[in-house]
Amino acid sequence: MFATAVFGVALAFLPRVFAHGGVLYYSNGGSWYDGFKAYNSPSGQSTIQRPWATYNPIVDANDPTLACNNDGTNPSGQLTATVAAGSKITAFWNEWPHDTGPMLVYLAKCPGSTCTGVNSNTLSWFKIDHSGLLSGTVAAGTWASGQMIAQNNSWTTTIPSTVPPGAYLIRHETIALHLLPAQFYPECAQIQITGSGSRAPLASELTTFPGGYKSSDPGLSVDLYGQAAKTQTTYVIPGPPLYGSGSTGGGGTSQPPSTPPPATSVSTSSAPAQTGTVAQYGQCGGTGYSGPTACKSPYTCTKLNDYYSQCT
Ligand SMILES: *[C@@H]1O[C@H](CO)[C@@H](O)[C@H](O)[C@H]1NC(C)=O
Ligand SMILES: [Cu+2]
């Protein structure tokens, strides 16, 4: 009876939400994991995915739900998948409608032995995979999200074998650029990474959500319909440099060198110039940060982790 009622509600919503969506399933090492069913109550759902409410995009780079498309709370049925470092994980979207934009995959290590109950806004994220403009021009080229659609609405990523074992959130994201502001579609899942990796991400490879993107980032403000797009063949994928692309790592050469590390990009805040006054969601402290530390009233500087404090 209850299930029928919920199903009825889901059906009533679906026709209006087909233009958007998110990650619905995962597979890894021969195991299949159903995701959270958006539009349904967390009650009774057991899944590795963090709950998310709707198929609608997030359209503000500073949205407090940008990390995992939720409020950071877990339902009682939260599960965790065991995933070997070096193995491939595939995320499956619904029938995806947006073929202009990048695909991005992040990891964040949780402080304890499990991510259950951990607020995703408090974590530091590093990027293990990204893909942007694959060929052609910004106006008429082939994008990673188009490739995702072409391969059964799925995206496969290898968990780097160098990632230290532990409890992580994995954050899959596609960004749609057909309209501005850019549309963010992130979903997270809880995984326990096994293996013997020992390369922790460098400070320059870590970021927070929100905080890691600015609406003025070149990759988030590009106009697909402008004159420049007709000849532009490069696209700067937003976010920090790829894990492993820094000085102590190997591989990962696809990140354009023009993308600054998060601390630098955050300090060039688009807030009105007021020396020593950081706007809401701006960075106000953290390892390697040398910008202003005083928040604009009424916000206060809150430490999210060693690398990032922000005005909230
Ligand atoms: C395509 O994706 C669906 C999930 O959306 C999955 O059930 C199916 O197995 C996939 N097909 C292949 C060939 O991977
Ligand atoms: Cu959409």
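An account of the accompanying structure is given in this report. (Residues numbered from 1 in each chain as written. Chains lettered and ligands numbered in written order. Predicted model: local features only at pLDDT ≥ 70, side-chain atom pairs only at ≥ 80, totals over all residues. Heavy atoms only, no water.)

## Observations concerning the sheet that holds strand 10 (residues 166-176)
Next up, step 1: The sheet built from 6 strands is open, its strands ordered 3-11-10-5-6-12 with mixed pairing. Each end of this open sheet is capped by a strand with a single partner; those strands are strand 3 (81-84) and strand 12 (206-207).
Next up, step 2: The sheet contact formed by strand 5 (residues 103-109) and strand 6 (residues 125-131) spans 6 bridges and is antiparallel. The residue of strand 6 that forms the bridge with Ala108 is Trp125. (Pairing = 2+ DSSP bridges. Helix = DSSP H or I, 4+ residues; strand = E, 2+ residues; numbered from the N terminus.)

## Some thoughts on the sheet that holds strand 1 (residues 23-28)
Next up, step 1: Strand order across the open sheet formed by 4 strands is 2-1-4-9, with antiparallel pairing between neighbours. The two strands at the open ends of the sheet, each matched to only one other strand, are strand 2 (31-34) and strand 9 (154-158). Across this sheet, the average inter-strand angle for adjacent strands is 20°, counted without regard to direction. (Axes fitted to C-alpha atoms, helices over the stretch in contact; angles between N-to-C directions.)

## Examining the coordination of the copper ion (ligand 2)
Next up, step 1: Here the copper ion (ligand 2) is held by Ala19 (O), His20 (ND1), His98 (NE2) and Tyr185 (OH), and the distances to it run 1.9 to 2.6 Å.
Next up, step 2: Relative to the metal, the 4 donor atoms surrounding the copper ion (ligand 2) lie at angles of 76 to 164°, and the coordination shape comes out irregular.
Next up, step 3: Positions of the donor residues of the copper ion (ligand 2), expressed as sequence spacing, correspond to A-H-x77-H-x86-Y. Taken together, the residues span a long stretch of sequence, with Ala19 in the loop between helix 1 (2-17) and strand 1 and His98 in the loop between strand 4 (88-93) and strand 5 at a distance of 79 residues.
Next up, step 4: Residue Ala19 is classed as partly exposed on the basis of its relative accessible area, which comes to 40%.
Next up, step 5: What makes His98 buried here is its relative accessible area of 9%. (Donors = N, O, S within 2.8 Å, 3.2 Å for Na, K, Ca; no water. Tetrahedral: all angles 85-135°; square planar, octahedral: opposite > 155°, others 65-115°. Buried < 20%, exposed > 50% of the residue type's maximum accessible area, 1.4 Å probe, protein only.)

## As for the site of ligand 1
Next up, step 1: Neighbouring ligand 1 are Tyr25, Trp32, Phe92 and Asn152.
Next up, step 2: Asn152 is positioned such that a nitrogen or oxygen atom in its side chain is 2.5 Å from an oxygen atom of ligand 1.
Next up, step 3: Contact with the protein chains covers 40% of the free accessible surface of ligand 1, which is 360 Å².
Next up, step 4: For the shell around ligand 1, a count of residues per class yields 3 nonpolar, 1 polar and no charged. (Near = heavy atom within 4 Å. Polar contact = N/O pair within 3.5 Å; in protein donor to acceptor, adjacent residues only side chain to side chain. Areas by Shrake-Rupley, 256 points an atom, 1.4 Å probe, with all protein chains shown as cover. Nonpolar A, V, L, I, M, F, W, Y, C, P; charged D, E, K, R; others polar.)

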